[in-house]
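In case you want the letters, here they are:
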Amino acid sequence: MPTAEELIKRLRELAEDTPERRSERMQILVTPTMAQAIETLSKETGQSKNEIVNLALSEFLIEK
């Protein structure tokens with residue numbers, strides 16, 4: 001599992017390369033633990049929670 005520093009670095013790299021405008025709305029349910037982890041990462045990186053979720057989904061889909 002990557003360290004927080006590695007995640008922050010990767011999020012910053014990915015955020016710089018987001019060419020497509022977001023126009024589709026979705027709702028998701030996450031566990032309280034996941035919500036807290038996203039909140040913490042958001043505060044550490046300065047990225048919005050929405051941006052973090054989008055980047056995580058992009059990474060997941062790219063790796064598939």
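Description of the structure in this document. This structure is a prediction, so every number in the text was calculated from the model and none was measured.

## Here's the deal with the environment of Val53
Thinking step 1. Within the secondary structure, Val53 sits in helix α3 (residues 49–63).
Thinking step 2. The exposure class assigned to Val53 is partly exposed, which follows from its relative accessible area of 23%.
Thinking step 3. Along the sequence, Val53 and Ile38 sit 15 residues apart, while their C-alpha atoms lie 7.9 Å from each other.
Thinking step 4. Once you skip the residues sitting within four places of it in the chain, Val53 turns out to touch Ile28 and Ile38.

## Thoughts on helix α2 (residues 32–45)
Helical geometry: 3.6 residues make up each α-helical turn, so side chains three or four residues apart lie on a common side.
Thinking step 1. For α2, which comprises 14 residues, the first-to-last C-alpha distance of 20 Å matches the rise-based estimate of 20 Å (1.5 Å per residue) to within 8%.
Thinking step 2. Turning to α2, its buried residues are Ile38, Leu41, Ser42 and Thr45. For α2, the arc enclosing every buried residue in end-on projection is 105°, short of the 170-degree limit, so these residues lie on one face. Relative to its buried face, α2 has exposed residues pointing more than 90 degrees away, namely Pro32, Thr33 and Lys43.
Thinking step 3. Immediately downstream of α2, the backbone of Gly46 shows phi near 80°, a positive value.

## Some remarks on the nonpolar core
Grouped burial of nonpolar side chains is what soluble globular proteins tend to show.
Thinking step 1. Within the largest apolar cluster, seven residues are counted, these being Ile8, Leu11, Leu14, Ile38, Leu41, Ile52 and Leu55.
Thinking step 2. Considering each element in turn, this core owes the most residues, three residues, to helix α1 (residues 4–15).
Thinking step 3. Apart from residues no more than four positions distant in its own chain, Leu14 is found in contact with Leu55 and Glu59.

## Overview of the side chain of Ser42
Thinking step 1. Looking at where Ser42 falls in the secondary structure, it is placed in helix α2.
Thinking step 2. Aside from chain neighbours lying at most four places away, what touches Ser42 is Gln47, Ser48, Lys49 and Ile52.

## Side note on the pattern of salt bridges
For side chains bearing opposite charge, pairing can occur when the charged atoms are close.
Thinking step 1. Applying the stated criterion across every chain yields a total of two salt bridges.
Thinking step 2. Notably, a salt bridge pairs Glu39 with Lys49, separated by 3.1 Å at the nearest N-O pair. With Glu39 in helix α2 and Lys49 in helix α3, this residue pair connects regions lying 10 residues apart in the sequence.
Thinking step 3. Assessed through its relative accessible area of 24%, Glu39 is described here as partly exposed.
Thinking step 4. Residues joined in a network through salt bridges with shared partners are Glu39, Lys43 and Lys49.

Quick notes on the rules
Residues numbered from 1 in each chain as written. Predicted model: local features only at pLDDT ≥ 70, side-chain atom pairs only at ≥ 80, totals over all residues. Heavy atoms only, no water. Helix = DSSP H or I, 4+ residues; strand = E, 2+ residues; numbered from the N terminus. Buried < 20%, exposed > 50% of the residue type's maximum accessible area, 1.4 Å probe, protein only. Contact = heavy atoms within 4.5 Å. Expected span 1.5 Å × (residues − 1). Arc of directions from axis to C-beta. Core = buried A, V, L, I, M, F, W, Y, C linked by side-chain atoms within 4.5 Å. Salt bridge = Lys/Arg side-chain N within 4 Å of Asp/Glu carboxyl O.

Structural measurements only, silent on function.
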